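# Commentary on secondary and tertiary structure
Read off the chains here:
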Amino acid sequence: MTSSIKQQIGNIALVVDNYDDAIAFYTKKLQFELVEDTDLGGGKRWVQVSPPNGNGTNLLLAQASTDEQNAAVGNQTGGRVFLFLQTNDFWRDYNDMKSKGVIFNEEPRVEEYGTVVVFQDLYGNKWDLLQLNRSN
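An unreviewed UniProt entry annotates the protein chain as VOC family protein of Vibrio gallaecicus.

Structure follows, in structure tokens:
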């Protein structure tokens, strides 16, 4: 029965302080692609970004519009790593991001599962940059 079910996560909402600042960070510092930027009126936009050659899951950048949403900017997961950016070349991406001023919370480390480092987006949300070992 479940073999006929097909689902995927299309978007992950990320609450941001400013659409344009977030677009600039993701496209210039992380090399993401701007998938869509549609004006919905009233100051709202439908903004999607995605890693290059991504699998179809996009970040939906949602500009905060209430006090509760503003409080979540930069801390969507209570200080835990929020998203995991997997790469096929850890050192290429780490060095590129570092040269563009991305903030890293630690030095890269090699774990049993792969090479990883925690970095922050422009609001302080924690991410892992991760290259899995070929066996994983």
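### Some words on the packing of aromatic side chains
Remark: the centre distance and the inter-plane angle together describe each pair of aromatic rings, the angle taken between the planes. On inspection of all chains with the given rule, the structure shows 10 aromatic pairs. With a centroid separation of 4.9 Å and an interplanar angle of 85°, the aromatic rings of F90 and W91 are classed as edge-to-face. Here F90 falls in the buried class, since its relative accessible area comes to 0%. Assessed through its relative accessible area of 45%, W91 is described here as partly exposed. For the ring pair F104 and F119, a centre distance of 6.1 Å and an interplane angle of 55° mean the geometry is tilted. Of this pair, F104 sits in strand β6 (residues 103-104) while F119 sits in strand β8 (residues 114-120), and the two are 15 residues apart along the sequence. In this structure, F104 and F119 share a single accessibility class: buried.

About the criteria used
- Residues numbered from 1 in each chain as written.
- Predicted model: local features only at pLDDT ≥ 70, side-chain atom pairs only at ≥ 80, totals over all residues.
- Heavy atoms only, no water.
- Phe/Tyr/Trp six-rings, centres within 6.5 Å; stacked < 30°, edge-to-face > 60°.
- Buried < 20%, exposed > 50% of the residue type's maximum accessible area, 1.4 Å probe, protein only.
- Helix = DSSP H or I, 4+ residues; strand = E, 2+ residues; numbered from the N terminus.

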